[in-house]
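A closer look at the structure
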Amino acid sequence: QVQLVESGGGLVQAGGSLRLSCAASRRTFTFTMGWFRQAPGKEREFVAAITWSDGNTDYTDSVKGRFTISRDNAKNTVFLQMNSLKPEDTAIYYCAASPYANRFRPTDFHSWGQGTQVTVSS
């Protein structure tokens, strides 16, 4: 297990930006870091992922061109820069760690943060 702590959520108007951070206690046994989100009444969905080793990234289609995932290996921290936010981006955003590559189901991730609320007003 890895301890993950998210920060950076908040309330923003449509078209605005937020930057989420996720600090990991360690990178051992973790290959991929991901961001997921869950809106009220909906299932948790994959948003973006990045590998610690070479920085390969993946995104769900609805955020491509608006969100950017990045990492700082020296600080064991992953970021999610969210631009051009829309009301439908409103959700609790979770950081997660996985030992796998190219597998983005929630069940593929073994450690989760507590979540941070992102609210986008219209």
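Whatever comes next refers back to the structure up there.
Residues numbered from 1 in each chain as written. Predicted model: local features only at pLDDT ≥ 70, side-chain atom pairs only at ≥ 80, totals over all residues. Heavy atoms only, no water.

Attention now goes to the environment of Phe-104. Note on placement: Phe-104 falls in the loop between β9 (91-98) and β10 (111-112). As for Phe-104 and Phe-31, which are separated by 73 residues in sequence, their C-alpha atoms are 12 Å apart. Setting aside residues no more than four positions away along its own chain, Phe-104 makes contact with Phe-36, Phe-46, Ala-49, Asp-58 and Phe-109. (Helix = DSSP H or I, 4+ residues; strand = E, 2+ residues; numbered from the N terminus. Contact = heavy atoms within 4.5 Å.)

In this section: the pairing of strand β3 (residues 18-24). Counting buried residues in β3 gives 5 out of 7 residues, a clear majority hidden from the surface. Here strand β1 (residues 4-7) runs beside β3; their pairing, made up of 4 bridges, is antiparallel. Pairing of Glu-6 across the sheet is with Cys-22, part of β3. Bridge count for β3 against strand β8 (residues 77-82) is 6 bridges, and the pairing is antiparallel. What sits directly across from Leu-18, in β8, is Met-82. (Buried < 20%, exposed > 50% of the residue type's maximum accessible area, 1.4 Å probe, protein only. Pairing = 2+ DSSP bridges.)

It is worth spelling out the side chain of Asn-76 at this point. With respect to the element layout, Asn-76 can be found in the loop between β7 (67-72) and β8. Residue classification places Asn-76 among the buried positions, given a relative accessible area of 18%. Of the polar contacts made by the side chain of Asn-76, one reaches the side chain of Arg-27; its length is 2.9 Å. (Polar contact = N/O pair within 3.5 Å; in protein donor to acceptor, adjacent residues only side chain to side chain.)

Its place among the elements puts Asp-89 in the loop between β8 and β9. In this structure Asp-89 comes out as buried when scored by relative accessible area, which is 1%. From its side chain, Asp-89 meets the backbone nitrogen of Lys-86 in a polar contact 2.8 Å long.

Before going further, it helps to examine unusual backbone geometry. Phi at Asn-76 is positive, roughly 50 degrees, even though this residue is not glycine. Even without being a glycine, Ser-84 presents a positive backbone phi close to 50 degrees. Topologically, Ser-84 is positioned in the loop between β8 and β9. Classification of Ser-84 as partly exposed rests on a relative accessible area of 40%.

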